[in-house]
Amino acid sequence: MKYIISLLVSLLSLTAFAQDMLYLHSGEQIKCKVQDITETQVKYVYPGETIVNVVSKYGVEKIQFENGRVQQITDKIVITSDKDWEKVIILDQTEEVSGLKRVSELTKNSSSTWSLSFTENQGHYEAKAEKKMKIAAAKQGCPFILVTNKSGKSGGLITDAHASMTGILYRY
């Protein structure tokens, strides 16, 4: 009987300390209990705590659950030079950068004084401003841009067209 009680106590203490493991793209490993996986975030608690912590799914490579199952979350985006600008991801929700490292803020513009083309509208200049932002982010080794402001104006034969984009650059 003592043996059965000891065995039950041992099993209960093992389950109380069972943990999941988060593997982040930064190389960090976090022992925790995963509470929820949403479209943009992984929510977890540290052992012995009740406060829920949050990290962007973009920062998480995989989760190894206490039962041994492994769930792949995202692939790491590797930026080595400005030639990798097409890999840079534009984000528009602050929860998408939770746990990522803020690097810098920048603004890029695109404009013309006038144009004989009716096809070069505001959308054309927004795309040019976005490309400039992605190239600048890639130069700094940042795979993510959180856009904080966009503005622009369509032009015509006499008036100018322009677009401006401001964002915060992030990395793992």
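Residues numbered from 1 in each chain as written. Predicted model: local features only at pLDDT ≥ 70, side-chain atom pairs only at ≥ 80, totals over all residues. Heavy atoms only, no water.

(A) Just the overall build of the protein, in detail. The number of helices and strands found in the protein is two helices and ten strands. Each helix (α) and strand (β) of the protein, taken in turn from the N terminus, gives the series α-β-β-β-β-β-β-β-β-α-β-β. In the protein, which comprises 172 residues, the share counted as buried stands at 34%. Summarising the internal contacts of the protein: among those between residues at least 6 apart in sequence, 60% fall at separations of at least 24. As displayed, the protein has an accessible area near 10500 Å², and 52% of this comes from carbon and sulfur atoms. (Helix = DSSP H or I, 4+ residues; strand = E, 2+ residues; numbered from the N terminus. Buried < 20%, exposed > 50% of the residue type's maximum accessible area, 1.4 Å probe, protein only. Contact = heavy atoms within 4.5 Å. Areas by Shrake-Rupley, 256 points an atom, 1.4 Å probe, with all protein chains shown as cover.)

(B) Summary view of the confidence of the model for the protein. Per-residue confidence for the protein gives a mean pLDDT of 86, with 78% of residues at or over 70. Residue range residues 5-17 is modelled with pLDDT below 50. Its contacts to residues more than four positions away, or to other chains, number zero contacts. (pLDDT = per-residue confidence, 0-100.)

(C) Summary view of the packing of aromatic side chains. Tallied over the full model, the rule gives three aromatic pairs. Residues Tyr-58 and Phe-144 carry aromatic rings whose centres are separated by 5.1 Å and whose planes lie at 45° to one another, so their mutual orientation is tilted. Taken as a pair, Tyr-58 in the loop between β4 (53-56) and β5 (60-64) and Phe-144 in strand β9 (residues 144-153) lie far apart in primary sequence, 86 residues in all. A relative accessible area of 24% places Tyr-58 in the partly exposed class. In textbook terms, an aromatic cluster arises when at least three aromatic residues are bridged by ring pairs, as seen for Tyr-58, Phe-144 and Tyr-172. Directly above the aromatic system of Tyr-23 lies the positively charged group of Lys-62, at a separation of 4.9 Å from the ring centroid. (Phe/Tyr/Trp six-rings, centres within 6.5 Å; stacked < 30°, edge-to-face > 60°. Lys NZ or Arg CZ within 6 Å of the ring centre and 35° of its normal.)

(D) Focus on the environment of Lys-132. You can see Lys-132 is positioned in helix α2 (residues 122-139). Using a relative accessible area of 37% as the deciding quantity, one classes Lys-132 as partly exposed. Separated by 47 residues in sequence, Lys-132 and Trp-85 have C-alpha atoms that sit 9.0 Å apart. Discounting chain neighbours no more than four positions away, the residues touching Lys-132 are Lys-108, Asn-109 and Ser-110.

(E) Structural view of the nonpolar core. Ranked by internal contacts, the top residues of the largest apolar core, which has 22 residues, are Phe-144, Ile-145 and Tyr-170. At the level of secondary structure, the elements contributing two or more residues to this core comprise α2, β9 and β10 (161-171). In terms of residue count, α2 provides more of this core than any other element does, five residues in total. Once residues within four sequence positions are removed from consideration, Ile-145 is found in contact with Val-88, Ile-89, Ile-90, Leu-91, Met-133, Lys-134, Ala-137, Gly-167, Ile-168 and Leu-169. Core analysis: the second largest hydrophobic core is formed by twelve residues, Val-42, Val-55, Phe-65 and Ile-73 among them. (Core = buried A, V, L, I, M, F, W, Y, C linked by side-chain atoms within 4.5 Å.)

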